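For reference, the chains in residue letters:
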Amino acid sequence: VEFVESGGGLVQPGGSLRLACQASGINISEYAMGWFRQTPRYARTLVAAITTDNGWHYEERVRGRFTISRDNDKNAVYLQLDNLRPQDTAVYYCKDLFSNIDWRPRPFYWGQGAQVTVSS
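Residues numbered from 1 in each chain as written. Predicted model: local features only at pLDDT ≥ 70, side-chain atom pairs only at ≥ 80, totals over all residues. Heavy atoms only, no water.

Asker: Explain the overall build of the protein here, please?
Answerer: Along the protein, the regular secondary structure elements total zero helices and ten strands. Helices and strands in the protein line up, N terminus first, as β-β-β-β-β-β-β-β-β-β. Expected size for 120 residues packed as a compact globule is a radius of gyration near 14 Å; at 13 Å, the protein falls within 12% of this value. Counting only C-alpha atoms, the protein reaches 40 × 25 × 25 Å along its principal axes. Put simply, the protein has 120 residues, and 42% of those count as buried. (Helix = DSSP H or I, 4+ residues; strand = E, 2+ residues; numbered from the N terminus. Rg over C-alpha atoms; globule rule 2.2 N^0.38 Å. Buried < 20%, exposed > 50% of the residue type's maximum accessible area, 1.4 Å probe, protein only.)

Set out below in structure tokens:
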């Protein structure tokens, strides 16, 4: 199982990025999927999740600014980041979750992540 995140970069406050996660060795249509972020100061936390039937969950600080989506045919998950703030600076990871109602990441197989830096 492998997750490869891409699309990170440096952006000014108020800007946008679109992260992509290409999965292999797993059929993501069978799993809820999530995006997590981690900084040197804080542990890895869930910011957005999408269920197998395209239900959504967002962490309060990103609600209304981030949008998660999935393309099962491409075995990929995406995260649109709009109106970015400096506090969104982090490494972003995608991961399969235990279930549609259990947002914990399944063990093993984290990707390398995508660095997002928001700075003027």
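Asker: Which parts of the structure should I look at to understand the sheet that holds strand β3 (residues 17–24)?
Answerer: As a general point, the strands of a sheet are linked pairwise by backbone hydrogen bonds and lie either parallel or antiparallel. Taken together, four strands build an open sheet; the order of strands is β1-β3-β8-β7 and the sheet is antiparallel. Each end of this open sheet is capped by a strand with a single partner; those strands are β1 (2–6) and β7 (66–71). For this sheet, the mean inter-axis angle between neighbouring strands, taken without regard to orientation, is 15°. Of the strand pairs in this sheet, β1 and β3 are connected by five bridges, and their pairing is antiparallel. Residue pairing in the sheet places Phe 3 in a bridge with Ala 23 of β3. (Pairing = 2+ DSSP bridges. Axes fitted to C-alpha atoms, helices over the stretch in contact; angles between N-to-C directions.)

Asker: It is not clear to me how the environment of Asp 53 should be interpreted in this structure. Could you clarify?
Answerer: Tracing the chain through its elements places Asp 53 in the loop between β5 (45–50) and β6 (56–58). Taking relative accessible area as the criterion, Asp 53 reaches 62% and is therefore assigned exposed. Considering only alpha carbons, one finds Asp 53 and Ser 29, 24 residues apart in sequence, at a separation of 8.9 Å. A polar contact of 2.4 Å, which involves the side chain of Asp 53, links it to the side chain of Thr 51. (Polar contact = N/O pair within 3.5 Å; in protein donor to acceptor, adjacent residues only side chain to side chain.)

Asker: Explain the sheet that holds strand β9 (residues 90–96) here, please?
Answerer: Taken together, the six strands give an open sheet; going across it, the order is β2-β10-β9-β4-β5-β6, and neighbouring strands pair in mixed fashion. Here the strands that pair on one side only, and so sit at the sheet edges, are β2 (9–11) and β6. Going from strand to strand, the sheet's axes swing by 25° on average, the running direction of each strand aside. Across six bridges, the pairing between strand β4 (residues 33–38) and β9 is antiparallel. Paired with Gln 38 across the two strands is Val 91, which belongs to β9.

Asker: Would you mind showing me how to read the pairing of β5 here?
Answerer: Counting buried residues in β5 gives five out of six residues, a clear majority hidden from the surface. Note that β4 and β5 share five bridges and pair antiparallel. Considered in β5, the bridge of Arg 37 is made with Thr 45. Hairpin connection of β4 to β5: six residues between the antiparallel strands. Pairing of β5 with β6 involves three bridges; the strand directions are antiparallel. Residue Ala 48 lies in a different strand from β6, and its bridge partner there is Tyr 58. With antiparallel pairing between neighbouring strands as the criterion, β5 and β6 make up a hairpin whose turn holds five residues, including Asn 54 at a positive phi of roughly 65°.

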